[in-house]
Amino acid sequence: MNVGIICYASIGGSGVVATELGKALAVRGHSVHIISTDVPFRMGEFQAGLAFHQVLTPTYPLFREPQYLLSLANKVVQVARQFDLDVIHAHYAVPHATAALLARQVLATSGAARVPKLVATLHGTDITLVGNDPSYSQIVAYSIEQSDAVTAVSDSLREATSRELGVERSIQVIPNFLDCSLHRRLDLPDLRRRFAGDAGTKLIVHVSNYRPVKRIDLVMEVFARIRRAMPARLLLVGDGPDLGVAYRLGRELGIASFVDVLGAQEEVVPLLSIADLFLLPSEQESFGLAALEAMACQVPVVASRVGGLPEVVEDGVTGRLLPAGDVEGMAASAVELLSDPDRHRAVAQAARRRVLDRFCADRIVPRYEACYRAVAGGVDSPSIPL
Ligand code: GMT
């Protein structure tokens, strides 16, 4: 099939999933066209069957606001005409599904030979943090209702979409996935030594885009408590507006010298491969792709029991889930796990097994293909069980 994928290129789970899906679909013989403002950071090198189309939004002194919705819709029309797209897959309801609907309208009224079907995938921020804002909610709900098929990355997000936006249509849950052959623990003793120093020091990792929802303050508070109980160091991977909070709390809590701030990194697998524990105390997380990546590398996760995280992390089996904000509970769970090598090993192995059982590309990508085939054939998308 000819598939257009619209996604955000910036560092964030939705762009990663959209790009990995595009790459996997191209390997499976589809012709894939990624439409975004920049080359998505996980796109990698040239791959047959995969093309990138840049959305340029020119500025003009008269417009104080950038017209991204219009330039995106315009690009979708051009790509759909040029490459005879069967399906447009919009990752994010706002404004990607909306732009795709507008593009479809343009194609339909201009007598295009083919008007592509629209599949929208909801990732979370587009619903629980932005989409339900009264300034956007009517258009977000409309865009979801008017798409030919809608998927959500977790059951929790599917429910939140119906509840918070009053959307009544069916939404299929297709969880996020990884290339499990690439996301696996590597044996990197030298790298580990560089960050941990001696063998007795535990390495705690946090990877995110440092938005307020990630609660970096809690990452630091939990780490400070772990550090009081045992030798440990914290690796902070990624960048974003709240990274400054980490610096400030590092100083205030007296732990700055035990924290390595690595900034944005393209390659997270080597860093996860040297980690003993992954911390994700987010306030909200529709899925928690970063936790899944950690689990694939045999890193137990201590996280908050919010949103879709319980669908990823099995409490007591692949990590621990605590109420949001429970700093003491998260620290105690982390210390308990890190102090018991047998238990730690069992949880690390269970984490990898859970990823292999449920979240590898070869399990999930066919579900998107089935969804595309169903909408292209004009039938309701079949729900393929996990
Ligand atoms: O929160 C992020 O890291 C970015 C964000 C995004 O919109 O790209 O992530 C959302 O989508 C990811 C991929 O589906 C999910 O794994 C994240 O849980 C979700 N973030 C939130 O719900 C806060």
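Notes on the structure in this doc start here. (Residues numbered from 1 in each chain as written. Predicted model: local features only at pLDDT ≥ 70, side-chain atom pairs only at ≥ 80, totals over all residues. Heavy atoms only, no water.)

Quick word on the state of the cysteines
Under the counting rule described, the total for this entry stands at 1 disulfide. The disulfide partner of Cys180 is Cys360, and the S-S distance across this bridge is 2.0 Å. Measuring handedness by torsion sign, the sulfur bridge of Cys180 and Cys360 sits at about -100° and is left-handed. Highlighted residues: Cys180 in the loop between β7 (172–173) and α7 (189–196) and Cys360 in the loop between α14 (341–358) and α15 (361–376), separated in sequence by 180 residues. Each member of the pair Cys180 and Cys360 is classed as buried. Between Cys7, a free cysteine, and Cys371, which holds the nearest cysteine sulfur, the sulfur-to-sulfur gap is 17 Å. With a relative accessible area of 0%, Cys371 lands in the buried category. (Disulfide = S-S within 2.5 Å. Helix = DSSP H or I, 4+ residues; strand = E, 2+ residues; numbered from the N terminus. Buried < 20%, exposed > 50% of the residue type's maximum accessible area, 1.4 Å probe, protein only.)

What about the site of the ligand?
Not every one of the 17 residues close to the ligand is listed here, only the nearest: Tyr92, His123, Arg211, Glu285 and Ser286. Between the ligand and Asn209, the relevant distance is 3.2 Å, taken from an oxygen atom to a side-chain nitrogen or oxygen of the residue. Contacts to the ligand include Leu289, whose backbone N or O atom sits 2.9 Å from an oxygen atom. Computed on the free molecule, the ligand has an accessible area of 490 Å², of which 94% lies beneath the protein chains in the complex. (Near = heavy atom within 4 Å. Polar contact = N/O pair within 3.5 Å; in protein donor to acceptor, adjacent residues only side chain to side chain. Areas by Shrake-Rupley, 256 points an atom, 1.4 Å probe, with all protein chains shown as cover.)

Comments concerning helix α5 (residues 137–146)
Residues of α5 that are buried include every one of Ser137, Val140, Ala141, Ser143 and Ile144, and no others. The arc enclosing the buried residues of α5, seen along the axis, measures out at 160°, which places them on a common side. In this structure, α5 carries Gln138 and Tyr142 as exposed residues pointing more than 90 degrees from its buried face. (Arc of directions from axis to C-beta.)

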